[in-house]
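# Architecture and fold: a report
Here's the letter readout for the chains.
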Protein chains: 2
Amino acid sequence: MRTELAELALRMFLDRGFDETTVDDIARAAGMSKRTFFRYFPAKEDVLFGGADDLAAQVADEIRARPAGEDAWECLRVVLGRWERRIHASNEELANLRLIESTPSLQARMQQKRNQLRGQVADALRERSGAGLDAFTADLLTSAAGAVLDAVSREWLRSGGAADRAALIDHAFTLLKPSARGPGRG
Amino acid sequence: MRTELAELALRMFLDRGFDETTVDDIARAAGMSKRTFFRYFPAKEDVLFGGADDLAAQVADEIRARPAGEDAWECLRVVLGRWERRIHASNEELANLRLIESTPSLQARMQQKRNQLRGQVADALRERSGAGLDAFTADLLTSAAGAVLDAVSREWLRSGGAADRAALIDHAFTLLKPSARGPGRG
DNA sequence: GGCAGTATGTCACTCGGTGACATTCGTATC
DNA sequence: GATACGAATGTCACCGAGTGACATACTGCC
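Thresholds applied
- Residues numbered from 1 in each chain as written.
- Chains lettered and ligands numbered in written order.
- Predicted model: local features only at pLDDT ≥ 70, side-chain atom pairs only at ≥ 80, totals over all residues.
- Helix = DSSP H or I, 4+ residues; strand = E, 2+ residues; numbered from the N terminus.
- Buried ≥ 20, exposed ≤ 12 C-beta atoms within 10 Å, placed from the backbone.
- pLDDT = per-residue confidence, 0-100.
- Contact = placed C-beta atoms within 7 Å.
- Near = placed C-beta within 6 Å.
- Nonpolar A, V, L, I, M, F, W, Y, C, P; charged D, E, K, R; others polar.
- Least-squares fit on C-alpha atoms with pLDDT ≥ 70 in both.
- Axes fitted to C-alpha atoms, helices over the stretch in contact; angles between N-to-C directions.
- Parallel < 35°, antiparallel > 145°, perpendicular 65-115°, else oblique.
- Left-handed = near helix turned anticlockwise from the far one by under 90°.

## Observations regarding the overall build of chain A
The helix and strand inventory of chain A stands at 9 helices and 0 strands. Ordered by position from the N terminus, the helices and strands of chain A form the series α-α-α-α-α-α-α-α-α. Relative to its 186 residues, chain A shows a buried fraction of 35%.

Printed below as a string of structure tokens:
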């Protein structure tokens, strides 16, 4: 039900634009009232980010499942690389991303979701490595990883979907790999 | 006028909270109508980010003014370090940041502003170094720099304002310094 | 059949934001 | 000093996102 609603809404957004599509329009098209729509989704924007919370938990779990001795940055590269490949594999994702990128309120919601994810990942990263990783470093590394995904998404968008996301991610992670100094090992 | 309005609004936000303070409340307290408020600020959130646009332009200019031969990452570290020190020096900033961090819509607006800044900085970075920096790398470096500032802000907040921001920024920039491989020089 | 619980609809309301139009006010000009 | 003009402001009506309260189905269950 949530899924059907989400698909319908997405189609309407791509067709008319996000701001030009009223919640009432969506609800009517789905044969329900506006009030009911808001019982499925807390906000209009969330219709596009339905799976984000589950995803965050899943990613955090994958992080926790990595070997405790593994370098934190390497761990992020592996897990987020996999995630990225899983999520943005489909063709629809390009239109989807374009929609988000061209709609401020959607961009805002996306960043909020990503920040939640980042927090969970930072926690998972610290759990995984015992007391070997301070809060600041975990924050820094997850923020940097987010920056990588961000820049890659932008480049992918810029290339019209032609860019090799996996290669870009790999390259970016390599470029920003923390230089070993201080208690760097996680 | 904008400034007075901004100060009044901030006081009210800190006092009652952002969501609990109506635009009409602010306008009334300032002796004007709601409509007039919206002629000074395009949105309620913007009352806190009045200077952000000027600041972005200023930062971009500083970037452009750096020597063309300087390493891009070093350039970011210097300019953003200065900026950071200038902005967050005051005591009020702690309460301010706490307010933003605890209010989703303010956080969203802040990130939007920061992303605008990021874009301008990326452009400035590329202008500065002729054709020596591709769009993706500029995006990646500015995103990473943003990640640094983000993580530092969070740590500063976590420490209750006690942390040494300058030292943290320095440390973070050093940690994430791009390893020289490929056409790395900017 | 009656009963509880859940999904839904309806209604009224708040608040952020905007467009249209009237009004005021300071000021330059004749 | 009257006037005309433009900018700032107020008023009003409106839209759309959300929410709370309450009524009303539609289930399964005893």
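More follows now that the structure is in view.
## Quick word on the confidence of the model for chain A
Per-residue confidence for chain A gives a mean pLDDT of 92, with 95% of residues at or over 70. Across residues 182–186 of chain A the pLDDT falls below 50, and counting only partners more than four positions away or on other chains, this stretch makes 8 contacts in the model.

## Description of the protein's contact with DNA strand C
The environment of DNA strand C is formed by 13 residues, the closest being S33, R35 and T36 of chain A together with A43 and K44 of chain B. When contributions to the surface near DNA strand C are tallied by element, the ones reaching two or more residues are α3 (34–40) of chain A together with α2 (23–29) and α3 (34–40) of chain B. For the surface near DNA strand C, the element with the highest residue contribution is α3 of chain A, accounting for 3 residues. Looking at side-chain class alone, the surface near DNA strand C contains 5 nonpolar, 3 polar and 5 charged residues.

## A look at the protein's contact with DNA strand D
Around DNA strand D, the surrounding shell holds 13 residues, and the nearest of these are A43 and K44 of chain A together with M32, R35 and T36 of chain B. The set of elements that each furnish at least two residues to the surface near DNA strand D consists of α2 (23–29) and α3 of chain A together with α3 of chain B. Broken down by element, the surface near DNA strand D gets its largest block of residues, 3 residues, from α3 of chain B. Of the residues contributing to the surface near DNA strand D, the split by class is 5 nonpolar, 3 polar and 5 charged.

## Re the relation of the copies chain B and chain A
Relative to chain A, chain B is turned by 180 degrees and slid 0.0 Å along the rotation axis, the superposed coordinates differing by an RMSD of 0.0 Å. These values place the two chain copies in the arrangement generated by a two-fold rotation axis. Here 96% of the contact residues of chain B are again contact residues in chain A; the copies associate through an equivalent surface.

## Considerations on the environment of A56 of chain A
Residue and element names in this part refer to chain A. Within the secondary structure layout, A56 lies in helix α4 (residues 52–65). Once the C-alpha coordinates of A56 and V121 are considered, the two residues, 65 residues apart in sequence, prove to be 7.8 Å apart. With residues near it in sequence (within four places) discarded, A56 still touches Q116, L117 and Q120.

## Digging into the packing of helix α5 (residues 72–87) of chain B against helix α9 (residues 165–176) of chain B
All names here are of chain B. Orientation of α5 relative to α9, taken along the N-to-C sense of each, is 160 degrees, at an axis distance of 10 Å. In this view, α5 runs roughly antiparallel relative to α9, as classed from their interaxial angle. Along this stretch, α5 crosses α9, giving a crossing that reads as right-handed. Two secondary-structure elements touch here, α5 through R77, G81, E84 and R85 and α9 through R165, A166, I169 and F173.

## Points about the interface of chain B and chain A
Chain B puts 26 residues into the contact, and the matching count from chain A is 25 residues. Taken together, the elements giving at least two residues each to the side of chain B that touches chain A come down to α7 (104–128), α8 (135–158) and α9 of chain B. Among the elements that make up the side of chain B that touches chain A, the one with the highest residue count is α8 of chain B (14 residues). Considering only residue class, the side of chain B that touches chain A consists of 14 nonpolar, 6 polar and 6 charged.

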